[in-house]
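For reference, the chains in residue letters:
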Amino acid sequence: MARNKEALVVLLDVGPSMHHILPDVEKICSILAQKKLIYSKYDEVGVVLFGTEETENEVAKEVGGYGHVFVLRNIKVVDGDLVEALKKLPRGTFCGDFLDAIVVGMDMLIKKYGLTNKGKKRMCLITDGCSEIKDSHEGSKEDQVNIIAEQFTRYGLKLECIVFRGSLRPDANETVMAENDRILNVFPKKTYAKTIYVENPTSLLGAIKTRNIFPVTIFRGDLEISPQLKIKVWVYKKSSEEKFPTLKKYSDKAPQTDKFATHEVKVDYEYKNHENSIKYVPPDQRIKGYQYGPQVVPISSDEWDAVKFKPDKGVKLLGFSDASNIMRHHYMKDVNIFVAEPGDIGATLAVSALARAMKEMDKVAILRCVWRQGQGNVVIGALTPNLSDNDLVADSFFFNILPFAEDIREFTFPSFSNLPASVQPDDDQQLATDNFVQMLDLGPSNNQQEELLPDFTPNPVLERFYNCLELKAQNPDAMVPPLDKTIRRITEPDAELFARNKSIVDAFRRRFEVKPNPKLKKSSKRLGQEKPSGSDDEKVLHDFPTLNVIDTTGIKTAAQVEKIGDLTPIQDFEALISRRDSPEWVNKAIKEMSNKIYDLIEDSYRGDNYPKALELLEALRRGCILEQEPKQFNDFMRLLCGFCKKNDLQSFCDLLASKGFSLISKTEAADSDASDEEARIFLIKEPESE
Amino acid sequence: MEMELDPDEVFRDDEDDPEAEAVRESASTKELSVYLVDASPRMFLAQSPSGHDKDESYFHVAINCVVASLKTQIINRSYDEVAICFFNTREKKNLQGSDGVFVFDVGDRESLDRPTARLIKELSCLEETFAKEIGSQYGIVAGSRENSLYNALWVAQALLRKGSAKTADKRLLLFTNEDDPFGKMKGAYKADMTRTTLQRGKDAQDLGISIELFPLIQPNIEFDVSLFYADLIGIEDDDIAQFISGVGERFEDMKYQLRKRMFKKRIVRRLTFSIVNGLSIEVNTYALVRPLVPGSVVWLDSVTNQPLKIERSFICADTGALVQEPTKRFFPYKNMNIKFSVEELADIKRVSNDQLRLLGFKPLSCLKDYHNLRPSTFIFPTDQELIGSTTIFIALHRSMLRLQRFAVAYYGISSHPRLVALIAQDEIKDVGVQVEPPGMHMIYLPYADDVRHIEELHLSPKTLAHQASEEQINRAAALMKRMDLKDFSVCQLGNPALQRHYGILQALALEEDDLPEIKDETNPDEEGLSQPGVVKVIEQFKHSIYGDRYESSRSASDEKRSEASKKRKANAENALKECENYDWAELASSGKLMSLTVADLKCYLMARGLPLSGKKEDLIGRIKMDLRK
């Protein structure tokens, strides 16, 4: 059994006031189940509904009461049925009592596990908290909650309450809601519990952690303030990107009848010498080469290990600095969190004192960290305070890695104030923009939560992947579904928010005009096309005359090359074949170049044009490899050799052979129709055939 | 608008991110540069000593700058080609046979070629032999028709003839401390020489060569660009003042200037930024911060040191057949293999039709310190295709700065779609030099499942978490004041691993025996920490937190650890005793090991310090192996 196996009971309010949000509850719960099926298949899950017509639970049977609480599924290992069941929840008819549901869920967990599995028993409650809680026979509701909380603590149960508070229904009873909120907020003060409020379906989808990742420390040891003062800390990841799942390559080679076929594809890497492409070089005959300019310096791993940088493990303070010295955009990676070593009161106090003083004085601490012995490098980063507002939770630090001097590119950009007056916004435009920025507010306000809070925003891509996975499990030919409506709130602006502020948006729209640049030729690059880095048209872009940098390269936006001339055919060809505004340029370039080569050979007198033709041929070969057009080149070569033979120009082929000229092989361009061997011997064998 | 389907991009992981790649340049975007260094006797005058600076000649400073620049180039942009050319020299060495111009080179390297370790090495100790081998001499003297500056431009231009202007950037970097090269000439001579030199400069520029001037400035003596160089490099009257203010007086400034200008701005992507329905602007993105990692490793044949070719082949695991790279992927789910085509996966990732779409604005305080995943990307507007983009961008930028808000947007590119924060960055200048450019920084935000709730991990409902008292916080504050790093900036610290990496490579490339000592600047300032004042505040803080229990609290937690090791030790001792009960060799030879319990077998293994893992058969096998020794 897996060490980190979790037992989870989901408590779902399916009462009438929840009906409008249940489709989203179904989505999030089924994805939760799906991910458990994939990543933690030994986890056990139970489902309890409340607000149902019927009653079905053991507590009701044993002691009575606890009506309208329905155990949809007892705690058992996740399976496909669970995903199915959660995808279509029944709609209830009664107002549910969430406290009853909590008791039923608790009873299930305690009966099944008792005192074992501490800290890995979890309950997740989803409700709108609008229905009244029944009064208890014995003591007040508070007393009841306190008793439940004690049980939670004793058995190591965790409770997560997600309270959905969208736009209020007209019949909502605010007194009841306030009372419920009070009760729900008692739990986090007493036991392992937290209560989260969400206001829109999108946040609801993000409010539940769909994947349990067991937190692992990346460092346990001293935060060394100085040699005299070392604070014991543990370091974890605070944020870490959940990657798109890795899919295996599929092979359909196995016969249909083979039930045990894995359909996997193995990727094999083999090392070969260039010149002798038949022989493989075994691992013990290989050595790593490191590039230094044009030189490649061979160093064996042992030698390298002996001389490379080997810092000692440890986390040391370099000093404190004003927070304003650290730019937000210099944060380099995902974020770590430093907590005091659990149980070490001194460390907890020291972390708390430093964090609070940092907050008061607006300072950060600069650290040098080597998490593990044997780590290849040090990291430099900034520690910032993370103060707790819950009495049960200790203060801690966030840690962000900062760049080294080498990691920063200092490009100079024109000052906005130095740009020509024609591009400066006027006062009216600025005012319209101010209004626009102010009105399109997603931040928290008195009556509204922050929208698109990262902590409550689901990943649209993953959401869609798991959705699609389930669809395909039912029907292998299922199409990729359109993006879910609730998820689209993340990738598209909120239409309602825009509609509400229509006058301001319109005013903004009216103040500005954007029009295509008329000077730009039609054929030039289409806007919006994704462009990889390093493409050649970057150099053509010159935004504005840069005033504080002297730069005279702007003049070379010369007219685009249209054809291959006689003066500089190679340059023309290279320019032509690398034009990206139409795919036709590649073909045109190859064709024109081919014709040039024919002409040269044909007009040659005792081979006087051969060197030139060879040069062009080399350029053409290079270009065809670069543009992945090996076939065009190889076809041309075959034609050319035939042409030479017919016209008594065999001497040119001989020249090519003597220069080691070859077809474009598969290794040079994957699409080639010539194997390496074929390419190499092409010119050698050709003259002898026929 | 349809995006192009790029199957490779779909499966690309972080390491292949084009934005990360943008940092290291490839052969296709190379630059050709000629460093043109004035070597006139005037350059060999000592710079008037300022402060504790050593008495160095201008020439020395210029050479040092070029060496520093070459070192950066060989690491970052080793495909760039460089030439070093001196003018106002006694000897001449150039293909044109022009007087007063000396093209410096080493070994079998071409005059304009990729920088090599040897070039850097020999250039850095060139000064020792300069007078003997090359010599310094005024090339422009009254009454002579010679014009060394003209010759130098001509030679440099000829060097840069290589490669087409369309595929390579060509630059000419001119170092001199003479602001009036024709000052000694008179009348028509002067006019004529000035005219022909300017014409030569203009010809070079017409061929796509940019000329950049690095004047070596003397404190208190003005370098008057307007005398000659403004015309040569083509700066307008209005910008002359700005040019001068941008030129530093110290060597460090010059190095910094050169570094800043050495790297041409590279656009990573051009994006359409949709502001509201029907209104989109155009922006360029730049990678201003990316971790620089050591260059790529190639596999060599250990006998010949020739690079090896790596051949990748795909083999069907079921049949062993060689296959083409498959276009289908699969994911095991519910005991099935769910198949996806590459196109479908790309489709799944394409969740937005827009490249960058504005969703709204939030106060800056909403952006938490843990809302970060990867290095930021810089955004700057362009009117290249959509006129009016810059105006809107500036207006948004100003409003966001004034209202202290950041924009939330969806960055929908297929390789890495993300929710992002756009922070407006105001321009920051320090003595006329831009430190932070104006624009917006794109911060990649985490999603719910990317954030972990570590804080709650160790809470215990039975006790309140300990929070520092007012007094303790004050002590911490006092400590902070004493241990303040004044004016800390991220640019201060070099990457020690990288410096060591290239230090070693350089030494090996030059076949030097001694490996260089690299100073690790990232270590704490031990001297500062041992100052009595610092020690005192640390002790006070420590006492306020731990009282007298600091030592004991530390040993307590160490004890916890040693308890575990004690237990382990006791177990081992116990095992040793237990295993003496049997005659293992006898049991093994008679084949009776199988009749013992696993616990007994483990006793032997534990006593011998062998691994305890595996099935009973494994344990027996291991014991037999051990006995055979």
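This one's a predicted model, so the numbers in the text were calculated from it and none came from an experiment.

### A word on the sheet that holds strand β4 (residues 121-127) of chain A
Residues and elements named next belong to chain A. The strand order β3-β2-β1-β4-β5-β6 describes an open sheet built from six strands, whose pairing is mixed. What marks the edges here is a single partner per strand, and that holds for β3 (69-77) and β6 (193-198). Strand-to-strand twist across the sheet, computed as the mean angle between neighbouring axes with direction ignored, equals 10°. Direction of pairing for strand β1 (residues 7-13) relative to strand β2 (residues 44-50): parallel, over a ladder of seven bridges. Residue pairing in the sheet places Ala7 in a bridge with Glu44 of β2.

### Concerning the sheet that holds strand β12 (residues 295-299) of chain A
Each strand in a sheet pairs with its neighbour through backbone hydrogen bonds, running either in the same direction (parallel) or in the opposite one (antiparallel). As summarised here, the arrangement of the three strands in space is β12(A)-β11(A)-β8(B), forming an open sheet in which the pairing is antiparallel. At either end of the open sheet lies a strand with only one pairing partner, and these are β12 of chain A together with β8 (297-301) of chain B. Mean inter-strand twist for the sheet, computed between neighbouring axes without regard to direction, equals 45°. With five bridges connecting them, strand β11 (residues 286-292) of chain A and β8 of chain B associate as antiparallel partners. The residue of β8 of chain B that forms the bridge with Ile287 of chain A is Leu300 of chain B.

### Here's the deal with unusual backbone geometry
Unusually for a residue other than glycine, His263 of chain A sits at a positive phi of about 60°. Its location among the elements puts His263 of chain A in the loop between β9 (248-249) and β10 (265-273). One non-glycine residue, Asn335 of chain B, adopts positive backbone phi at about 60°. If you trace the backbone, Asn335 of chain B turns up in the loop between β11 (328-333) and β12 (336-341). Taking the number of C-beta atoms within 10 Å as the measure of exposure, Asn335 of chain B has 7 and is therefore exposed.

### Quick word on the UniProt feature "domain: Ku" (unreviewed entry) in chain A
In the numbering adopted here, UniProt assigns the feature "domain: Ku" (unreviewed entry) to residues 278-419 of chain A. A helix fraction of 17% and a strand fraction of 34% characterise residues 278-419 of chain A, whose end C-alpha atoms lie 62 Å from each other.

The rules behind the values
- Residues numbered from 1 in each chain as written.
- Chains lettered and ligands numbered in written order.
- Predicted model: local features only at pLDDT ≥ 70, side-chain atom pairs only at ≥ 80, totals over all residues.
- Pairing = 2+ DSSP bridges.
- Helix = DSSP H or I, 4+ residues; strand = E, 2+ residues; numbered from the N terminus.
- Axes fitted to C-alpha atoms, helices over the stretch in contact; angles between N-to-C directions.
- Buried ≥ 20, exposed ≤ 12 C-beta atoms within 10 Å, placed from the backbone.
- UniProt positions renumbered as here; feature names shortened; annotations may be inferred.

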